[in-house]
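So you can see what is in the structure, the chains are spelled out below.
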Amino acid sequence: MTRIDFHSNVADRLAYTCRLVRKARAAQCRIVLLSRDAQQQAALDEALWTFSATDFLPHVAASHPHAADTPVILITGDQAELPHHHVLINLSGQTPAHFARFERMFEIISAQEEDKIAGRDRYRYYKDRGYPLTHFVAQAV
């Protein structure tokens, strides 16, 4: 069963996600990053290249020919066919249709009220279905 971690009160979702990806990659995880749209995916792509001068986080879009060999995959929709199903990081603001295929999922919730409300709804959805949940509150910087 998918283990789901909620990270809430996140001031900068892209920077936070990059740090989370760096940590997951250090643990040899293969990651799928789900964005709400192409604009957010482009911003995430840029952030992964530039957030640290000393870290390299290889990533491509799911449609890229080398996606199967790349540890970090970027998607904008609920694609059923993905090269791996280890970790899903959800930035979409929606409940991913295929989240149960993953061993672990991270929900990144900002401090904005509408994001908090949507995050609470997803938390209840997963809880009502018996998924193991944890919740971390990001500290303001």
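For the structure, check the block above.
Residues numbered from 1 in each chain as written. Predicted model: local features only at pLDDT ≥ 70, side-chain atom pairs only at ≥ 80, totals over all residues. Heavy atoms only, no water.

Peer 1: What am I meant to see in the sheet that holds strand 6 (residues 104-110) here?
Peer 2: Whenever strands of a sheet pair, they do so through backbone hydrogen bonds, lying parallel or antiparallel. Pairing is parallel across the open sheet formed by seven strands, whose spatial order is 3-4-2-5-6-1-7. Two strands close off the open sheet at either side, each with one partner strand: strand 3 (59-61) and strand 7 (133-137). Shown here is a sheet whose adjacent strand axes are inclined to one another by a mean of 20 degrees, direction ignored. One ladder, built from four bridges, connects strand 5 (residues 87-90) with strand 6; its direction is parallel. Counterpart to L88 in the pairing with strand 6 is M105. Its contacts with the sheet place helix 2 (residues 38-50) against strand 2 (31-34), strand 3 and strand 4 (72-75), and it is angled at close to 155 degrees to strand 4. Relative to the sheet, helix 3 (residues 113-128) contacts strand 1 (3-10), strand 5, strand 6 and strand 7, its axis offset from that of strand 6 by approximately 155 degrees. (Pairing = 2+ DSSP bridges. Helix = DSSP H or I, 4+ residues; strand = E, 2+ residues; numbered from the N terminus. Axes fitted to C-alpha atoms, helices over the stretch in contact; angles between N-to-C directions. Contact = heavy atoms within 4.5 Å.)

Peer 1: Please explain the nonpolar core as it appears in this structure.
Peer 2: Ranked by size, the top nonpolar core spans 21 residues in total, and within it V21, I31, L33, L48, I89 and I108 carry the most contacts. Within the residue set of this core, elements represented by two or more residues are helix 1 (13-26), strand 2, helix 2, strand 4, strand 5 and strand 6. Among the elements that make up this core, the one with the highest residue count is helix 1 (five residues). Each residue touching L48, except ones within four places of it in the same chain, is listed here: C18, V21, L33, L57, H59 and L74. If you look at the next biggest cluster of nonpolar residues, it comprises 17 residues, including I75, F99, M105 and Y126. (Core = buried A, V, L, I, M, F, W, Y, C linked by side-chain atoms within 4.5 Å. Buried < 20%, exposed > 50% of the residue type's maximum accessible area, 1.4 Å probe, protein only.)

Peer 1: Got a minute to help me understand the pairing of strand 1 in this structure?
Peer 2: Of all the eight residues making up strand 1, six are buried; the element is thus mostly covered by neighbouring parts of the structure. As paired strands, strand 1 and strand 6 are joined by six bridges and run parallel to one another. Across the sheet, residue D5 finds its bridge partner in strand 6, namely F106. The sheet contact formed by strand 1 and strand 7 spans five bridges and is parallel.

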